Amino acid sequence: MYAFDYQQPKTLADAVQALSKSGGKPLAGGQSLIAAMKLRLAQPGTLVDLSGIAELKGIRKEGNALVIGATARHAEVASSAVVKGAIPALAAVAEGIGDRQVRNMGTLGGSIANNDPAADWPAAVVGCNATVQTNKRKIDADVFFKGMYETALAADEIITAVSFPIPRKAGYAKFPNPASRFALVGVFAAQGGDGSVRVAVTGAAPSVFRATAVETALAKNFTPDAAKSVKIAADGLNTDLHGSAAYRAHLVAVMAARAVEAAG
């Protein structure tokens, strides 16, 4: 690990100022950034720790939306009665992330800001058509994730919360890598209050994407059989030592069916 300066601001304004002056990196749970620094794959001159900022914490309902603070930890989301009452699928997403140590440190905001192509939260954000709130603006889920480890965030922009519209039904299913628990393929399926359907896939491609063919099938018939019947093209999907593009294409339909089943 390279040497770095460490700052721990107490307010969002101070954190934004620290990032602007230092050109450093925000630190949320550190489950991705610290690991990259240990391997010398990242070399931020300054770390700005967000964990002490009260404005970024909390889980609450606001009208017909569930708002989760950026530094809410996975374990907190998984055990939250508010989350389980509003969108149980989000509690299931959080419960399936990594191991207990990761869930007790990792955060929602840190996960989506990092945008690992096999992370679980991006699928939930896109699948729910959530809005990412920052210190500067609100960003729609469909434009937030740009590509592998790339988002719409500016260098001095900090995620403050994510607002999830409460769907009629939602479910998440993933085929995990047995070692890392990252998704080889993960699918989040949601049916909105107006009957519209969104299906988001993680792990299968360089970044999260919507499975529009599955959405079309589920809009007509929101059942596991409808999801499983869709033929997914392997073009553009990942091929690595864990599975070929064709294998992942097959898993998308299978996991979509399981996500719909989990939605009830």
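Scroll up to find the structure.
The structure presented is a predicted model; accordingly, all values stated were derived computationally and were not measured.

*Asks:* Break down the sheet that holds strand β10 (residues 159-165) for me, citing the residues and quoting the values.
*Replies:* Here five strands make up an open sheet; going across it, the order is β4-β5-β10-β6-β7 and the pairing antiparallel. The outermost strands of the open sheet, each flanked by one partner alone, are β4 (59-62) and β7 (138-140). Here the strands of the sheet are splayed against their neighbours by 25° on average, with no regard to which way each runs. In this structure, strand β6 (residues 131-134) lies alongside β7, joined through three bridges in antiparallel fashion. Along β7, the bridge assignment pairs Val-132 with Ile-139.

*Asks:* A description of helix α1 (residues 12-22) should follow, citing residues and the corresponding values.
*Replies:* Looking at α1, one finds that the buried residues are Leu-12, Ala-15, Val-16, Ala-18 and Leu-19. Angular distribution of buried residues about the axis of α1 spans 160°; they occupy a single face of the element. Turned more than 90 degrees from where α1 packs its buried face, Ala-13 and Lys-21 sit exposed. Looking at the buried positions of α1, the neighbouring elements they touch are β1 (5-7), β2 (25-27), β3 (46-49) and β10.

*Asks:* Tell me about the nonpolar core, and please be specific about residues and values.
*Replies:* If you look at the biggest cluster of nonpolar residues, it comprises 42 residues, and the most contacted ones within it are Ile-68, Leu-90, Ile-112, Trp-121, Phe-164 and Phe-188. Discounting residues that sit within four places of it in the chain, Ile-112 has contacts with Trp-121, Pro-122, Val-125, Val-132, Phe-144, Phe-145, Thr-151, Ile-159 and Val-162.

*Asks:* Requested: an account of the pattern of salt bridges, with residues and values cited.
*Replies:* Per the counting criterion, the structure on display carries eight salt bridges. Salt-bridge contacts for Arg-60 lead to Glu-62; the nearest nitrogen and oxygen are separated by 2.7 Å. Owing to a relative accessible area of 36%, Arg-60 belongs among the partly exposed residues under this scheme. Among the salt bridges present, the one from Arg-198 reaches Asp-142, with a minimum N-O distance of 2.7 Å. With Arg-198 in strand β13 (residues 197-202) and Asp-142 in helix α9 (residues 141-144), this pair connects stretches of sequence that are 56 residues apart. You can call Asp-142 partly exposed: its relative accessible area is 41%. Through salt bridges with shared partners, a single ionic network connects Asp-142, Arg-198, Arg-210 and Glu-215.

Rules and cut-offs
Residues numbered from 1 in each chain as written. Predicted model: local features only at pLDDT ≥ 70, side-chain atom pairs only at ≥ 80, totals over all residues. Heavy atoms only, no water. Pairing = 2+ DSSP bridges. Helix = DSSP H or I, 4+ residues; strand = E, 2+ residues; numbered from the N terminus. Axes fitted to C-alpha atoms, helices over the stretch in contact; angles between N-to-C directions. Buried < 20%, exposed > 50% of the residue type's maximum accessible area, 1.4 Å probe, protein only. Arc of directions from axis to C-beta. Contact = heavy atoms within 4.5 Å. Core = buried A, V, L, I, M, F, W, Y, C linked by side-chain atoms within 4.5 Å. Salt bridge = Lys/Arg side-chain N within 4 Å of Asp/Glu carboxyl O.

Shape is all these values report; function is a separate question.
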